[in-house]
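The residues making up each chain are set out below.
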Amino acid sequence: MPAANNIEWHQVEAMTEYCKQRQEWRNLLILLIPCTSGYRHCDWQKLRWCDVMGASIKRVEQKTDKRRDAPLTKYVSDQIQAAFDAIQATIPPSQRPAMAKDFIFKPVSKNSSTGVLTRAGVNGILDKIRKAVGIPHTVTVHSLRKAYGMRLYTIMGETESAMIWISNWFNHSSLQITQRYLGLETKMRAEIMDQMWR
């Protein structure tokens, strides 16, 4: 499995814009859902359309067995609805009512045994998108979860209370784990070393 590199939020935005412009709806949601919920791949890969059509995504996390409700912003809800409408328009009218119970992240290949995209399948899609927008390093499903955490940390003012909130959401056992997870220890170390020779 490729190493999960941190990606900057502007890179997430470039990837989502690329998918929107090309009307790659499933791929757009591969980016939006983990980047706005912080869910692990195993918790979003089996989402059905009916799971994301409300004000939040409600899941019981596979790893922790804890219930998590991730609120959806108006922007994300609008993108989900646009994706649903666009995909629904491509199927026969008789099959449209059943679409709400379909998996969102179905593989394109009919030979899939799981009915949903695997982690490797999603990572392959992310690799194509990141190359298309000029991101030089690997982007994985785990990178998206980390991007969510870093975005929250930035929006919340990079405070200790932000770190506590993110640590709780990610169910980490300590703030140090969250700092390491988000790459903040490495960033702080580099900033300190940079100051030494000024």
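Residues numbered from 1 in each chain as written. Predicted model: local features only at pLDDT ≥ 70, side-chain atom pairs only at ≥ 80, totals over all residues. Heavy atoms only, no water.

Novice: Could you clarify how one ought to interpret the overall build of the chain in this entry?
Specialist: Counting its secondary structure elements, the chain contains 9 helices and 2 strands. If you list the helices and strands of the chain from N to C, you get α-α-α-β-β-α-α-α-α-α-α. Burial statistics for the chain: of 198 residues in total, 40% are counted as buried. Taking all contacts inside the chain whose residues are at least 6 apart in sequence as the whole, residues at least 24 apart take part in 56%. (Helix = DSSP H or I, 4+ residues; strand = E, 2+ residues; numbered from the N terminus. Buried < 20%, exposed > 50% of the residue type's maximum accessible area, 1.4 Å probe, protein only. Contact = heavy atoms within 4.5 Å.)

Novice: Looking at this structure, how should I read the confidence of the model for the chain?
Specialist: As a general rule, the predicted coordinates of low-pLDDT regions are not to be interpreted in detail. Of the residues in the chain, 89% have a pLDDT of 70 or more, and the chain-wide mean is 88. Model confidence for the chain, summarised as mean pLDDT per element, is weakest for helix α9 (residues 184-196) at 67 and strongest for helix α1 (residues 9-21) at 97. (pLDDT = per-residue confidence, 0-100.)

Novice: Explain unusual backbone geometry here, please?
Specialist: You will see that Gln-23, though not glycine, has its phi angle at about 55 degrees, which is positive. Within the secondary structure layout, Gln-23 lies in the loop between α1 and α2 (25-37). When its relative accessible area of 56% is taken as the criterion, Gln-23 is described as exposed. Within the chain, Asn-171 stands out as a residue other than glycine whose phi angle is a positive 60 degrees. Tracing the sequence through the fold places Asn-171 in the loop between α7 (160-169) and α8 (175-181).

Novice: Would you take a moment to explain the side chain of Gln-11 for this structure?
Specialist: Inspection of the secondary structure puts Gln-11 in helix α1. What makes Gln-11 buried here is its relative accessible area of 13%. Gln-11 has contacts with Ile-135 and His-137, leaving out every residue within four places of it along the chain.

Novice: When you look at the pairing of strand β2 (residues 67-71) in this model, what are you seeing that I'm missing?
Specialist: Within a regular beta strand, the side chains point alternately toward one face of the sheet and then the other, so they alternate between its two faces. Of the two faces of β2, the one lined by Arg-68 and Ala-70 is fully buried and the one lined by Arg-67, Asp-69 and Pro-71 carries no buried residue. Strand direction decides the pairing type here: strand β1 (residues 56-60) and β2, joined by 5 bridges, are antiparallel. By the bridge assignment, Ile-57 is partnered in β2 with Ala-70. Adjacent in sequence and paired antiparallel, β1 and β2 are bridged by 6 residues, among which Asp-65 carries a positive phi angle near 60 degrees. (Pairing = 2+ DSSP bridges.)

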